[in-house]
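# Remarks on the overall topology
Residues per chain, in single letters:
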2 protein chains.
Amino acid sequence: MSKVGRFINEEREYLIENIYPKRPLKNYLFNEGFIMDVDQFGFGLSKACINKVFRPLIYDHRIAYVKDNDSGEYYDINRNFSKKPFAYHRTRVGMGYHVVESEYNGIQASFALLIPKEGFVEMHQIKLKNVGKGKRSLSLVTYINPNVNISEHQAYTKARYDENLGGLYFAHRPHKRTHEYVDIFYTADEKAVAWALSREAFCGTYGSVNDPEALKQRYLPCDKPIFEPYYAGVMQFDIELNEGEEKVIHFAVGVERNYEECVNLAKKYSNSESFESEIAWQKQLAEGHISTAVIDTEDEYLNTMANIWLKRQMSLGKTWGRVYGKGFRDVLQDITGFVSLDKPLARERLLYTLKHQFINGNAIRMFDPILDHPYQDMGSWIASTILAYLKESGDFSVLDEPVGYYDDSAIEPVFMHLKRSIDFLFDNQGAHGLSLWGGGDWNDSIDSAGLQMIGESVWLSIATVNASRDYLEILEQIEVENKEQIIADVIQKRELLKQNLIKHGLKDGRFIYGINDWGEYVGAEECKEGKVFLNPQTWAAMSDILPLEERRKLMDVVEERLKCPYGYTLQDTPFVTPNDHLGRLTYFEKGVYENGSVYNHGVMFKVVADCVVGRGDNAWNTLKMNRYDNPLNADSGVEPYAVSNMYFGPCAESKVGYAPLSWITGSAGWMYRAIIEFLLGVKPEFYGLRLQPCLPTSWNGAKIKRNFRGVKYDIEFIPGNEFGVFVDGNKIEGNVIPLFEEGSRHTVICNYVKGEMVL
Amino acid sequence: MSKVGRFINEEREYLIENIYPKRPLKNYLFNEGFIMDVDQFGFGLSKACINKVFRPLIYDHRIAYVKDNDSGEYYDINRNFSKKPFAYHRTRVGMGYHVVESEYNGIQASFALLIPKEGFVEMHQIKLKNVGKGKRSLSLVTYINPNVNISEHQAYTKARYDENLGGLYFAHRPHKRTHEYVDIFYTADEKAVAWALSREAFCGTYGSVNDPEALKQRYLPCDKPIFEPYYAGVMQFDIELNEGEEKVIHFAVGVERNYEECVNLAKKYSNSESFESEIAWQKQLAEGHISTAVIDTEDEYLNTMANIWLKRQMSLGKTWGRVYGKGFRDVLQDITGFVSLDKPLARERLLYTLKHQFINGNAIRMFDPILDHPYQDMGSWIASTILAYLKESGDFSVLDEPVGYYDDSAIEPVFMHLKRSIDFLFDNQGAHGLSLWGGGDWNDSIDSAGLQMIGESVWLSIATVNASRDYLEILEQIEVENKEQIIADVIQKRELLKQNLIKHGLKDGRFIYGINDWGEYVGAEECKEGKVFLNPQTWAAMSDILPLEERRKLMDVVEERLKCPYGYTLQDTPFVTPNDHLGRLTYFEKGVYENGSVYNHGVMFKVVADCVVGRGDNAWNTLKMNRYDNPLNADSGVEPYAVSNMYFGPCAESKVGYAPLSWITGSAGWMYRAIIEFLLGVKPEFYGLRLQPCLPTSWNGAKIKRNFRGVKYDIEFIPGNEFGVFVDGNKIEGNVIPLFEEGSRHTVICNYVKGEMVL
């Protein structure tokens, strides 16, 4: 494993100490409307989503150059293009902020990035400190690469330095526009002595940001750009620093609808007070999330991930699920994990997401921007998310919230959205009484198996069994018209579906993936490629279709057929023959994505399934195999603080075990729940907190502090000879801690028997 | 004027001798389906147009690195990223080929680029010659940046070195595709000793093509790429060169539908024979074009442009009119100039273009790819093109060719396309009996003045008068049903339109541009902005709406109101207030495009108009002012060998006189015709060649060799006291040389009176 840095848990930071890791290591900064990814240099794309269209603000480059005005030497503090012998270069990956620090030639520099709570704006703070001998005369030159020309004509753009604004103003005035956010500002709380507004004026016609021509002059050119293919935001500040002296400048760069709004945002954000208060807000937000559940196990890395980083990744996902577009099922799953961290925000995002449901109960695959391939599974994710919210919050009022539909003017309470989702799943079945496959299900890449609406998905049928179980749980708690009849109806359909699954879905001792439009079995031994799939087994293990022992046998199949040194592949064997009876996964390179990678989302389903069938050791082994420090796959490139979408499968032609697409995965939410709710087994219920530990036998207990419904529980799991739960010293009946008064704090001891399943 | 190079007319080349001109200087290489722009480094985009979609092949970079295997030193021969002290770097801008040459450290290098007559393929030839002392052991490493990932998933790509193919093979296999051209090959007639297939493997994670990591090793990594965001085509050849020895390698890079087609194309094109024969073909093609008309005037630059370079630019335009999409009116205008150069190809392109006409007579603005804003003027360009073709070729059979429509299944002879175009123009008039403005006319950027189909364009009405004149000329020559009635009808409508123009279009002593949907005058003195427009005056001067003296007065207005030191602005005053009653030109920065630039297309209309009203001195002055060596605008950046779209107007905020968008303009065709047909006045007619010189009074005559209908005419204009034409020594009646036997050659003396108009 290439050493890239270390966790600094007390600061909730990861410190990247290697400027050139195997690949750029990412952080995400975001608010509910604006997002940026940022690497160890502070580079990365920032973008707003406006009118279901991405509106990029900065492409990649943010650079802070420092020039010694006496010697003429210049370099940049964050990328080190000129490869100066820095005393250090390190990056503090923070929760909602990001700081690149370096020292060269007696100047300590820091470049901090932040996205405030609201607004399409980046905040930057740059510090320069003279730690050398003697007074220094410096120029700080800051560069951004703004996305100004957002329409077809670069002739629409005007740009200038604007004294009133306090910086640079870029106005693009297209005649026709998809949205009104056409103005960009880049301002500072210090007056610039010079500036450049176009890339050509700054870099030179044949130059680049690596070594900009303009830095060879004493002052930037203060050009008047016209008809530029590429604009640039560059400001120069002359700074005199005595020995030990430090200079701090605050910047804001943002996008707005007009000049006045730019002025308002610039004034609001390019100053020290707002930078400090926004940093404080971000830290407070993170602390709030962290305090929800703090585990203390024998494994430090597990503690760090569960307590700090998975929460951040879920926080990203609950709004930006999959980042390149908000996925309906993705956001819902991430909310399912996120509900404990911030109930009001989880509620808000849930309601927004449900606006993208169709009146028929299904939903669009992805919104903001739109992806509308006709997947069939969207309805299957709603019940579990609502159930999780209800159990965490006790707030049943959410079911009455009126929410619209994506394709209909009707506005109905959330309960009806839920009901329609389940009805859709039961009403759309094929000849074998299983769920129609349509354009696909969780496996986005089996996208052509059921387009004729003949083929049936076994996995989606299992997911329907599980979703309707969650639905029944909710139904039992509430009053609705015809409740008994609805319940009876769901139970009846559910039982029938289970029977059909056993009859048509079980084959060769496991569940197949489905039967396609052509009547072909998918995921059966008879298949030439793709003989065994992971998800049907794990989801069946999480279900009540089969008795426990048979579910364990399904998990045995997983162990025997899909295990590799760093996890479990999504299927075996990989596809090498393009097959339009299945879909794009057969066109993918083998070992990538749904074609035989170790797809971490699926691996986390597997960890939960292990716990559900009482196999804590398998769950823990899987968690360990799957992480960045697995010595058998120690060079995956993944950020130690983030979960990636996949590891390339063992069947890949090259780069076996490499982990692309970090942060962009449903794994984080599921991993978090796997650890808290299944491995440690601390499960919210409507009227209490259930303890159902499934700890690995190698552990001698574990601890967790959990805030639930305003009550603090200090829980310790202690192995022993008999299961029993003691609250504040008193043994309770069963394993559900009852609700206590808000604000109270309780000590809980949970004795458990190693290796014994808690029912 | 910054010295960038020199013309080498005997080679039909321009030699760029300055590696860093004010801006990259472009050449275009193309066939009828594939096109690339290429600068002095050999960089630029190549793309095919398939199914009305651009399919880029190479983005920008083609680099040839040379490494001395003994010293380890490396550099590139064409871009000189590492800034070695080259003995020379020069670029031969050829007609259909392009060669970058350099010398460093005893190695003369040449990198030649070519697009063959057919196929989506680039051909490269690289020569290395040892001109230093002693034997040299070199590696040649060639790099291209292929556009492999053309769909949404990089997981679809497979790439490898393929021995049978003789190079690199990139296969992208998207599940859904807009076209089948998904395979790229990059091959050579020499076996590579090593290769790289991804940018990361070649450049390094943090490197770039400026200084690729892989060159620091003895051999390229021969990587197995997987899931790469960026592929690369890199091959290494080990070359031993004795003193004086030269090595030549031929490459082909292309896009095809499958492996077998790639093999065929690679075998066909990556070899010496095909390279030499394609070069020979290009040269032959150019000579054929050049020999059509060779002028010999007192002005060397005018000769060079008219004899060589304008023909190349028209050749580009006749297929790729405006390059970023094939414009209907653009291609037609360029064909109008191109007809004399290659009649069969002009015919073919004319027929293809007419396929994009609507059944109502109008046409789509741009095809390949589509731009469908509802412009109203497309029909007005058809008659002049057909007329020019008929006069040049005498081939009336073109009128009977069956051609389909863009929006209808009907297939009709070309004559019906022509008829429908004129009918459309006459049938779509507004309350003042002028042409409806609709979404715009020639002035693409007045695109909102008539969308409600109320506003009327004066310019389009004038263009209709002129188009119908051309139509009548054609009608008189042919037999069609109801001919007399059609002619009478056209004449009547035409006369009425002329009257309406005089009644409603003339204001303040000139023609306005139009009356918009809101009844507002556009281009009148009463307007706050945009008081005088160029084109209505110049087109009226070319028309018969007014008597000669009044047309001359219109041209006086042009001289008084629109002249600037380097041409004539499209209108005055510029727009600074966005105005949705006009359109996007009011949103443009002032001085750019249709908002007050010296728009060269319009300037060439003006030159023709000058000649039509007998003002040869004005025409010649305009041509001189408008060119790259005008000392009053000597730093425009334009290629000396190409015409640009515009010069930024005098009202521009900065960069006044700068000339962006070279090659992409309708100016070349009009400039060519202005010089040949109007200034020298050699005009094809149905039954002869008319001589109507309008030479500047400063000239003491001029000569032109003209091939017309297979006959060679050596024409000399000699100033004297009386106009008269002598063919082979015999004075003819009038000024039309009659047709002679094909293959014959004739000497023509044309006496003319300086400053006297030939009618």
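Note that the structure is predicted; figures quoted are calculated from it, not measured.

Residue and element names in this part refer to chain A. Counted residue by residue, strand 12 (residues 136–146) has eleven buried out of eleven residues, so it is predominantly covered. Judged by which residues are buried, strand 12 turns out to be covered on both faces: Arg136, Leu138, Leu140, Thr142, Ile144 and Pro146 on one side and Ser137, Ser139, Val141, Tyr143 and Asn145 on the other are all buried. Where strand 6 (residues 53–68) lies against strand 12, eight bridges are found, and the strand directions are antiparallel. Opposite Lys67, over in strand 12, you have Ser139 as the bridge partner.

This next bit is on the confidence of the model for chain A. Fine structural detail should not be taken from predicted coordinates in areas where pLDDT scores are low. Summary statistics for chain A give a mean pLDDT of 97 and a share of 100% for residues scoring 70 or more. Our summary of model confidence lists the complex with pTM equal to 0.96 and ipTM equal to 0.94.

Residues and elements named next belong to chain A. Helix length check: helix 9 (residues 458–477) (20 residues) gives 29 Å between terminal C-alpha atoms against 28 Å at 1.5 Å per residue, within 8%. With 16 of 20 residues buried, helix 9 is to be regarded as a mostly interior element. Among the residues of helix 9, the N-terminal cap falls to Ser457, whose side-chain oxygen and the backbone nitrogen of Trp459 are separated by 3.4 Å.

Our focus in this paragraph is the relation of the copies chain B and chain A. With an RMSD of 0.0 Å, the operation that places chain B on chain A is a rotation of 180° combined with a shift of 0.0 Å along the axis. Expressed as an axis order, the relation between the two copies is that of a two-fold axis. Relative to the rotation axis, the closest C-alpha in chain B is found at B:Asn210, a distance of 5.2 Å. Interface overlap between copies: 100% of the residues of chain B at the interface are likewise at the interface in chain A, consistent with a symmetric, same-surface contact.

Let us look at the pattern of salt bridges. Residue and element names in this part refer to chain B. Applying the stated criterion across every chain, the model contains 122 salt bridges over all chains. Salt-bridge contacts for Glu287 lead to Arg12; the nearest nitrogen and oxygen are separated by 2.5 Å. Here Glu287 is found in helix 3 (residues 272–292), whereas its partner Arg12 is found in the loop between strand 1 (5–8) and strand 2 (13–16), with 275 residues between them in sequence. By relative accessible area, Glu287 is classed as partly exposed at 34%. Of the charged contacts, one joins Glu526 and Lys507 as a salt bridge, the two residues approaching to 3.0 Å between their closest N and O atoms. With Glu526 in the loop between strand 29 (521–522) and strand 30 (532–533) and Lys507 in strand 26 (residues 506–507), the pair connects residues that are 19 residues apart, well separated along the chain. Exposure remark for Glu526: the relative accessible area of 52% places this residue in the exposed category. Classification of Lys507 by relative accessible area gives partly exposed; the value is 24%.

Turning our attention to the packing of aromatic side chains. Scanning the entire structure with this criterion turns up 94 aromatic pairs over all chains. Arranged with centres 5.4 Å apart and planes meeting at 45°, the rings of B:Phe588 and B:Tyr593 form a pair that is tilted. Comparing B:Phe588 with B:Tyr593, the two get one shared label, buried. Each residue in the set A:Phe7, A:Tyr14, A:Tyr28, A:Tyr301, A:Trp309, A:Tyr628, A:Tyr641 and A:Trp663 is aromatic and connected to the rest through ring pairs, giving one cluster. For A:Lys326, the ring lying beneath its charged end belongs to A:Trp320, and the centroid distance is 4.4 Å. The ring of B:Tyr375 has B:Arg329 lying over it, and the distance from NZ or CZ to the ring centre is 5.7 Å.

Take the sheet that holds strand 28 (residues 514–515) of chain B next. Residues and elements named next belong to chain B. The strand order across the open sheet built from four strands is 24-25-28-29, with neighbouring strands paired in antiparallel fashion. Every interior strand has two partners, whereas the edge strands, strand 24 (435–436) and strand 29, have only one. Across two bridges, strand 24 lies against strand 25 (residues 456–457) in antiparallel orientation. For Leu436, the partnering residue across the bridge sits in strand 25 and is Glu456.

A separate point is the state of the cysteines. Enumeration over the complete set of coordinates arrives at zero disulfides over all chains. Of all cysteine sulfurs in the structure, the one in A:Cys651 sits closest to A:Cys527, which takes part in no disulfide; the separation is 16 Å.

This part is about the interface of chain B and chain A. Contact with chain B, which involves 50 residues of that partner, is made by 50 residues of chain A. Taken together, the two surfaces of chain B and chain A that pack against each other cover about 3800 Å², and 55% of this comes from carbon and sulfur. When the buried area of chain B at its contact with chain A is split by residue, B:Tyr206, B:Ile226 and B:Glu589 rank highest and sum to 22% of it. In this assembly, chain B and chain A are joined by two salt bridges. Between A:Lys655 and B:Glu228 there is a salt bridge, and its shortest N-O distance comes to 2.5 Å.

Our next topic: the environment of B:His601. All names here are of chain B. Considering the arrangement of structural elements, one finds His601 in helix 13 (residues 600–612). Between the C-alpha atoms of His601 and Met671, which are 70 residues apart in sequence, the distance is 8.4 Å. When residues no more than four places from it in sequence are discounted, the contact partners of His601 are Gln333, Trp442, Asn645, Thr665, Gly666, Ser667 and Trp670.

Turning to the packing of helix 13 (residues 600–612) of chain A against helix 15 (residues 667–679) of chain A, a few remarks are in order. All names here are of chain A. At their nearest, the axes of helix 13 and helix 15 sit 8 Å apart, and the two run at 15° to each other. With respect to their mutual orientation, helix 13 and helix 15 come out roughly parallel. Where helix 13 crosses over helix 15, the two elements pack in a sense that is left-handed. Between helix 13, through Asn600, His601, Met604, Phe605, Val607, Val608, Cys611 and Val612, and helix 15, the contact on the second element is made entirely by Ser667, Trp670, Met671, Ala674, Phe678 and Leu679. Grouping the amino acids of the contact of helix 13 with helix 15 by side-chain chemistry returns eleven nonpolar, three polar and no charged.

Next up on the list: the packing of helix 11 (residues 534–541) of chain A against helix 13 of chain A. Residues and elements named next belong to chain A. Relative orientation of the contacting elements helix 11 and helix 13 amounts to 30°, with a least axis distance of 8 Å. Our pair here, helix 11 against helix 13, has a crossing hand that is left-handed. Packed against helix 11, whose contacting residues are Leu534, Asn535, Thr538, Trp539 and Ala541, the element helix 13 presents Gly602, Val603, Phe605, Lys606, Ala609 and Val612 at the interface. Classifying every residue of the contact of helix 11 with helix 13 by side-chain character gives seven nonpolar, three polar and one charged.

We now examine the side chain of A:Asn271. Its location among the elements puts A:Asn271 in the loop between helix 2 (259–269) and helix 3 (272–292). Separated by 2.8 Å, the side chain of A:Asn271 and the backbone nitrogen of A:Ser274 make a polar contact.

Residue and element names in this part refer to chain A. The mixed open sheet is built from six strands, whose spatial order is 19-38-39-43-40-41. Looking at strand neighbours, the two that pair on one side only are strand 19 (293–296) and strand 41 (730–732), the edges of this open sheet. Averaged over all pairs of adjacent strands, the angle between their axes in this sheet comes to 25°, without regard to strand direction. When strand 19 meets strand 38 (residues 702–708), the two strands line up antiparallel, connected through four bridges. Considered in strand 38, the bridge of Val294 is made with Lys705. Contacts from helix 3 reach strand 19 and strand 38, with the element oriented near 60° to strand 19.

Here is what the cut-offs are and how they apply
- Residues numbered from 1 in each chain as written.
- Chains lettered and ligands numbered in written order.
- Predicted model: local features only at pLDDT ≥ 70, side-chain atom pairs only at ≥ 80, totals over all residues.
- Heavy atoms only, no water.
- Buried < 20%, exposed > 50% of the residue type's maximum accessible area, 1.4 Å probe, protein only.
- Helix = DSSP H or I, 4+ residues; strand = E, 2+ residues; numbered from the N terminus.
- Pairing = 2+ DSSP bridges.
- pLDDT = per-residue confidence, 0-100.
- Expected span 1.5 Å × (residues − 1).
- Polar contact = N/O pair within 3.5 Å; in protein donor to acceptor, adjacent residues only side chain to side chain.
- Least-squares fit on C-alpha atoms with pLDDT ≥ 70 in both.
- Contact = heavy atoms within 4.5 Å.
- Salt bridge = Lys/Arg side-chain N within 4 Å of Asp/Glu carboxyl O.
- Phe/Tyr/Trp six-rings, centres within 6.5 Å; stacked < 30°, edge-to-face > 60°.
- Lys NZ or Arg CZ within 6 Å of the ring centre and 35° of its normal.
- Disulfide = S-S within 2.5 Å.
- Buried area = accessible area lost by both parts, 1.4 Å probe.
- Axes fitted to C-alpha atoms, helices over the stretch in contact; angles between N-to-C directions.
- Parallel < 35°, antiparallel > 145°, perpendicular 65-115°, else oblique.
- Left-handed = near helix turned anticlockwise from the far one by under 90°.
- Nonpolar A, V, L, I, M, F, W, Y, C, P; charged D, E, K, R; others polar.

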